[in-house]
Structure formats: structure tokens, C-alpha cells
Amino acid sequence: MGKRFDILLFPQGKNKAFTLSYDDGVYQDRRLVELFDRYHVKCTFNLNGGALGYKSPAEAPVDVSKIPAEEIREQYRNHEVGGHALYHSDISSLGSPYAMHEILEDKRILEGLTGGILKMFAYPFGLFNSEVKEMLKTAGYLGARTVRSTHSFELPKDPYELDPTCHHNDEKLFELAEKFVTEKTLRPSLFYVWGHAYEFDRNDNWDRIEKLVRYISENGQDIWFATNGEILDYISAAHLLQYSVDGTMIHNPSATDIEIMTAFGRRETLKAGTTTRIGDTPL
Ligand SMILES: [Zn+2]
């Protein structure tokens, strides 16, 4: 009897995943969704349920008008909608009752509009504390994104502190993209990019995001394109796996098929709700 050396793979045996996260539900999301759909990449759009349909004043330096409530379901149908607090308040400094209202009322409104259960949240201004994290768990969120760049492709350790790889304006963006695509890695890797669609208007750099997603998409044979919530769901399901003492059986109690690579380099699909006998003798 000995150790198992299983490596988690993503669906279809892929070992790389790419995801995007864009905030505030601004009208420029329409153009961004069209671009993401063209290259078949997936994004989580984090919205403020109390500010839908907001109109920017004419004198504003950048138009940050927001998509109205009645368009939310159709606009984001190929992607994921996440929460971002009701009025984009700094929920780490409001006091618990009002912070809870910002979290819950935002979630209630967006669930009503999308017809689904929200899983993901993005901290307004990237600000949070341990109390806010607890509130998000109580509200039924599975994870929340920060604004801290890791410049790495590590899987998240704490789902309530999802640190992205980088912002789209990061000077290392294309260097990281090339590393992600070309790197031969056994361990699962995640490239996670975030931003706001209005920034492409403000900086006149829509070409930057198109260049990124076209490059990732054209080199996407080994890459799983998924929303933040789909990736978190998959990792959560993998954490539920149950192992026999002698290492020959793995039970997958979840509703998701899990792919692994054994020490002998063989792919195994651990079917949802079943126990799989692993043919390899553990080392
Ligand atoms: Zn925001």
C-alpha cells in the first residue's frame, strides 16, 4: 500500500481553464459580450441590482450608464451574473445590517431577473473583511473575487478570496497569456482576468481585450472556457471525493463527473454518484 499521485483535471481531461470577470453592468458590456461570444470565452458579470438602468450625466468624462433590468436576462444569457452589492457600497465599512441589506437585496433582485441562483460575488472597490466573508456565506454565495493580482495560475485556496491572475491593463497581460498557453504543466492551471468594460472606452483599447481572447481562443485545445461559478462548482465537487484506505476506490458523491490523471498517466473519469475502481496499483 502506498501513496496515490492523482492530479485533478478539468472537464474533457483538460488541465487549463480560462475565465473572465467584469464588473458594474455598464452598457459597454453589450460590446464585450458580443466579443466574448465570438471567441467562445466565458465571463462572470458582477452587477449592482439597485443601479440597473442608471444614466450617466452628459458631462461625465466616461459614460458609465448601466444596462436596464429588462435586458439583463437576454444580455448575459451565455455567461454568468454575479452580485456586486446593491448600490456598489463599500460593504466592509457600513455596519452589518446595512451591509447585509446590500448583499441580500442585490442577490434577490438579480436572481429574480436571471431566473437562477447567484453563486459569485465581486467585492465593490475590492474591499472586504472577515465579517463580510461570513455574510456572503450566509447569503448563499459560493465565492467572491478580490482585485489583488497574483500573476499566477494557481487554483484558489479560499473561494471567498478569489484573487485574479491580473487586470486586463496589467503590463504583464500578454506575457502571462503566452506563458499560460505554452507552459507544459501537469497541475491544473487557471488564468483569471478581470476589469470593467467602460475602461476600454476610457483608454481607447478595445483591441487589447480582443487580442487577448483571440489568442487564448486560437490556442484553446487544452483549455476549458468556463464562468467563475462553473470553475468553483467543479473544484468544490472534487473536494468531496472519498477514498478507500488501500487507494483502489474513489467515490464521487457529487452530481458532476470529475476527471483525474493517475500516477501512471492514465485519465480516469470519476462518474457522478458512483464509486470508481482505479486499475493502477498504488505506488
Ligand atoms: Zn465595481
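Residues numbered from 1 in each chain as written. Predicted model: local features only at pLDDT ≥ 70, side-chain atom pairs only at ≥ 80, totals over all residues.

Topic: the overall build of the protein chain
Inference 1: Regarding its fold elements, the protein chain presents eight helices and 14 strands.
Inference 2: For 283 residues, the compact-globule estimate of 2.2 N^0.38 gives 19 Å, and the protein chain sits close to it at 20 Å.
Inference 3: Principal-axis analysis of the C-alpha atoms gives the protein chain an extent of 70 × 40 × 30 Å.
Inference 4: The contacts of the protein chain with a sequence gap of at least 6 include a subset with a gap of at least 24, amounting to 63%. (Helix = DSSP H or I, 4+ residues; strand = E, 2+ residues; numbered from the N terminus. Rg over C-alpha atoms; globule rule 2.2 N^0.38 Å. Contact = placed C-beta atoms within 7 Å.)

Remarks on helix α4 (residues 130-138)
Inference 1: Along α4, the residues that are buried comprise Val132, Met135 and Leu136. The buried residues of α4 occupy an angular sector of 100° when projected down its axis, which confines them to one face. Exposed side of α4, more than 90 degrees from the buried face: Ser130, Glu134 and Thr138 are the residues found there.
Inference 2: Against the buried residues of α4 lie α3 (96-114), β5 (120-122) and β6 (143-145).
Inference 3: Downstream of α4 by a residue or two, Gly140 has a phi angle that is positive, lying close to 95°. (Buried ≥ 20, exposed ≤ 12 C-beta atoms within 10 Å, placed from the backbone. Arc of directions from axis to C-beta.)

Re α3
Inference 1: An ideal rise of 1.5 Å per residue puts 27 Å on 19 residues; α3 measures up with 27 Å between its terminal C-alpha atoms.
Inference 2: Listed in full, the buried residues belonging to α3 are Ala99, Glu102, Ile103, Asp106, Lys107, Ile109 and Leu110.
Inference 3: Looking at the buried side of α3, the elements it contacts are β3 (43-47), β4 (80-83) and α4.
Inference 4: Backbone geometry just after α3 places Gly115 at a positive phi near 75°. (Expected span 1.5 Å × (residues − 1).)

What about the sheet that holds strand β11 (residues 249-252)?
Inference 1: Read across the sheet, three strands follow the order β10-β11-β14 without closing on themselves; strand pairing throughout is antiparallel. Every interior strand has two partners, whereas the edge strands, β10 (242-243) and β14 (274-277), have only one.
Inference 2: In this sheet, β11 lies alongside β10 in antiparallel orientation, the contact comprising two bridges. Along β11, the bridge assignment pairs Tyr243 with Ile250. (Pairing = 2+ DSSP bridges.)

Some thoughts on the packing of helix α5 (residues 173-182) against helix α7 (residues 206-218)
Inference 1: Packing of α5 against α7 brings their axes to within 10 Å, and their N-to-C directions diverge by 5°. Classed by the angle they form, the pair α5 and α7 counts as roughly parallel. The residues of α7 that touch α5, namely those facing Leu173, Ala177 and Val181, are Leu212, Tyr215 and Ile216.
Inference 2: Considering only residue class, the contact of α5 with α7 consists of six nonpolar, no polar and no charged. (Axes fitted to C-alpha atoms, helices over the stretch in contact; angles between N-to-C directions. Parallel < 35°, antiparallel > 145°, perpendicular 65-115°, else oblique. Nonpolar A, V, L, I, M, F, W, Y, C, P; charged D, E, K, R; others polar.)

Focus on the packing of α3 against α4
Inference 1: Packing of α3 against α4 leaves a shortest axis separation of 10 Å and a crossing angle of 45°. Considering their axes alone, α3 and α4 lie oblique with respect to each other. Crossing of α3 against α4: the hand is right-handed. Counting all contacts with α3, which are made through Ser96, Ala99, Met100 and Ile103, the residues of α4 involved are Glu131, Val132, Met135 and Leu136.
Inference 2: Here the residues of the contact of α3 with α4 sort into six nonpolar, one polar and one charged. (Left-handed = near helix turned anticlockwise from the far one by under 90°.)

Describing the environment of Gln28
Inference 1: By secondary structure assignment, the location of Gln28 is in the loop between β2 (16-23) and α1 (29-38).
Inference 2: With 23 C-beta atoms packed within 10 Å, Gln28 lands in the buried category.
Inference 3: What Gln28 contacts, discounting residues up to four positions off in sequence, is Ala197, Tyr198, Phe200 and Asp201.

A look at the nonpolar core
Inference 1: Formed by 70 residues in total, the largest nonpolar core has its most connected members in Ala17, Val41, Leu136 and Ala144.
Inference 2: Shared between two domains, this core holds at least three residues of each, these being domain 1 (16-234) and domain 2 (242-277).
Inference 3: Non-local contacts of Ala17, meaning those with residues more than four positions away in its chain, are made with Phe10, Leu190, Ile223, Trp224, Ala226 and Ile231. (Core = buried A, V, L, I, M, F, W, Y, C linked by C-beta atoms within 7 Å. Domains from an automatic or database assignment.)

Some thoughts on the pairing of β2
Inference 1: By the criterion of burial, β2 is predominantly enclosed, with eight of the eight residues buried.
Inference 2: Relative to strand β8 (residues 189-195), β2 is paired through seven bridges, and the arrangement is parallel. From the neighbouring strand, Tyr22 faces β8, where its bridge partner is Gly195.
Inference 3: Here three bridges tie β2 to strand β9 (residues 223-225), and the two strands are oriented parallel to one another. Paired with Ala17 across the two strands is Trp224, which belongs to β9.
Inference 4: With four bridges connecting them, β2 and β3 associate as parallel partners.

Quick look at the sheet that holds strand β13 (residues 267-270)
Inference 1: Across the sheet, which stays open at both edges, the three strands sit in the order β1-β12-β13 with antiparallel pairing between neighbours. Each of the sheet's edge strands pairs with one partner strand only, and the pair in question is β1 (7-9) and β13. Taking each pair of neighbouring strands and ignoring which way they run, the sheet shows an average axis angle of 35°.
Inference 2: In this sheet, β13 lies alongside strand β12 (residues 258-261) in antiparallel orientation, the contact comprising four bridges. Counterpart to Ile260 in the pairing with β13 is Glu268.

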